[in-house]
Amino acid sequence: MGLVQKGARAFKLLISLLIKGRYRMTTFIIAPDGDNEDLKAAFAGAAYPLEVAVKNLMPRTFRHNALDIELRTCMGGIATETTVNIGEFAQLQKLFTEAAAVGRLNRYPEVLELRADIAVVGGGSADLEPDDSDAAS
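This is a predicted model, so every value here is computed, not measured.

Enquirer: Please clarify how the pattern of salt bridges should be interpreted in this entry.
Expert: Pairing is possible between side chains that carry opposite charge, provided their charged atoms lie close to one another. In the structure shown here, the tally under the stated rule is five salt bridges. As a salt-bridge pair, E70 and R63 come within 3.4 Å of each other at their nearest N and O atoms. Judged by relative accessible area, which is 46%, R63 ranks as partly exposed. A salt bridge links E70 to R72, with the nearest nitrogen and oxygen atoms 3.2 Å apart. By relative accessible area, E70 is classed as partly exposed at 42%. Connected through shared salt-bridge partners, R63, E70 and R72 make up one network.

Enquirer: Please clarify how the packing of aromatic side chains should be interpreted in this entry.
Expert: The geometry of an aromatic ring pair is captured by two quantities: the separation of the ring centres and the angle between the planes. Scanning the entire structure with this criterion turns up two aromatic pairs. Seen in terms of ring centroids, F28 and F43 are 6.5 Å apart; in terms of plane orientation they differ by 70°. Their pairing is edge-to-face. Within this pair, whereas F28 is found in strand β2 (residues 23–30), its partner F43 is found in the loop between α2 (36–42) and β3 (50–56), the two being separated by 15 residues in sequence. Here F28 falls in the buried class, since its relative accessible area comes to 10%.

Enquirer: Quick question: what am I supposed to make of the nonpolar core here?
Expert: The tendency in soluble globular proteins is for nonpolar side chains to be buried side by side. Counting 28 residues, the largest nonpolar core has I30, F43, V54, L112 and L114 as its most contacted members. Of all elements in the fold, only β2, α2, β3, β5 (69–71), β6 (81–86), α3 (89–106) and β7 (112–119) reach the threshold of two or more residues within this core. Among the elements that line this core, the one with the most residues is α3, at six residues.

Enquirer: Which parts of the structure should I look at to understand α3?
Expert: Counting along an α-helix, one turn takes 3.6 residues, and residues three or four places apart therefore face a common direction. In this model α3 runs 26 Å from its N-terminal to its C-terminal C-alpha over 18 residues, within 8% of the 26 Å that 1.5 Å per residue would give. Burial in α3 covers these residues: L92, L95, F96, A99, A100, V102 and G103. Down the axis, α3 shows its buried residues gathered within 155° of arc, on one side only. Of the exposed residues in α3, those oriented more than 90 degrees away from the buried face are K94 and L105. One or two steps after α3, the chain reaches R107, where phi turns positive at roughly 60°.

Enquirer: Any chance you could explain the environment of E113 here in plain terms?
Expert: In this fold, E113 is placed in strand β7. Judged by its relative accessible area of 14%, E113 falls in the buried class. Apart from residues no more than four positions distant in its own chain, E113 is found in contact with T27, F28, I29, A53, V54, K55 and L57. Reaching out from E113, the side chain makes a polar contact with the side chain of R115 at a distance of 2.6 Å.

Enquirer: Teacher, can you tell me more about the environment of A119 here?
Expert: On the secondary structure map, A119 appears in strand β7. For the pair A119 and A46, spaced 73 residues apart in sequence, the C-alpha to C-alpha distance is 6.5 Å. With residues near it in sequence (within four places) discarded, A119 still touches R22, Y23 and G45.

Enquirer: What exactly am I supposed to notice about the pairing of β3 here?
Expert: Put simply, side chains in a regular strand alternate between the two faces of the sheet. Across the seven residues of β3, five count as buried, placing the element largely inside the fold. Here β3 pairs with β6 via six bridges, running antiparallel. The partner of K55 across the bridge, within β6, is E81. Here β3 pairs with β7 via four bridges, running antiparallel. The residue bridging V54 from the neighbouring strand is L114, located in β7.

What counts, and at which threshold
- All residue numbers refer to positions counted from 1 along the written sequence of the respective chain.
- Local features in a predicted model are, by the rule used here, given only for residues with pLDDT of at least 70; side-chain atom pairs are given and counted only at 80 or more, and totals for whole chains, interfaces and linings are based on all residues.
- Here the side-chain values reflect all heavy atoms present in the structure, with hydrogen atoms and water set aside.
- Here, a salt bridge means any Lys or Arg side-chain nitrogen found within 4 Å of an Asp or Glu carboxyl oxygen.
- Think of it in three bands: with a 1.4 Å probe and only protein chains considered, a residue is buried below 20% of the maximum accessible area for its type, exposed above 50%, and partly exposed in between.
- To pair, rings of Phe, Tyr and Trp, with the six-membered ring standing in for Trp, must have centres within 6.5 Å; the planes then decide the type, stacked if under 30 degrees apart, edge-to-face if over 60, and tilted in the middle.
- Helix and strand assignments follow DSSP, with helices taken as H or I runs no shorter than four residues and strands as E runs no shorter than two, numbered in order from the N terminus.
- In plain words, nonpolar cores are sets of buried Ala, Val, Leu, Ile, Met, Phe, Trp, Tyr and Cys residues tied together by side-chain atoms within 4.5 Å.
- To estimate how far a helix should reach, multiply one less than its number of residues by 1.5 Å.
- As used here, the arc belongs to the directions running from the helix axis to the C-beta atoms.
- In what follows, residue pairs with any heavy atoms lying within 4.5 Å of each other are defined as contacts.
- Any N or O atom pair separated by 3.5 Å or less is treated as a polar contact, with the protein-specific requirement of one donor-capable and one acceptor-capable atom, and with residues adjacent in sequence counted only for side-chain atom pairs.
- Here, any two strands with at least 2 DSSP bridges between them count as paired.

Okay, here's the thing in structure tokens:
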């Protein structure tokens, strides 16, 4: 088995471990150099409204008025976190844009962590199990 095949098999195993039943846990770190396409990929297939855990990773308070979020500083290694309901992807994009801008202005390497359980459409972990044809190669 070639190195690429081993890597693909390991990736399939990792993905199957991340999927819990018919949901996959998505964790996305908003960074100042983040890209909207990365956000789209992370939350692809999500059904809205979506419950998202938002965690402050900055040494300053973060406020986002549209979603009524106020997260205190993460000084002392204790990050503050809240859960919000996101009604549509556009709200998630606005949160992402505002948080990334704060990170750029203040030169923070990481700004917020977003976590959500996203329903897996059609299939589930069984579809991602490695098949025996990988081992035969």
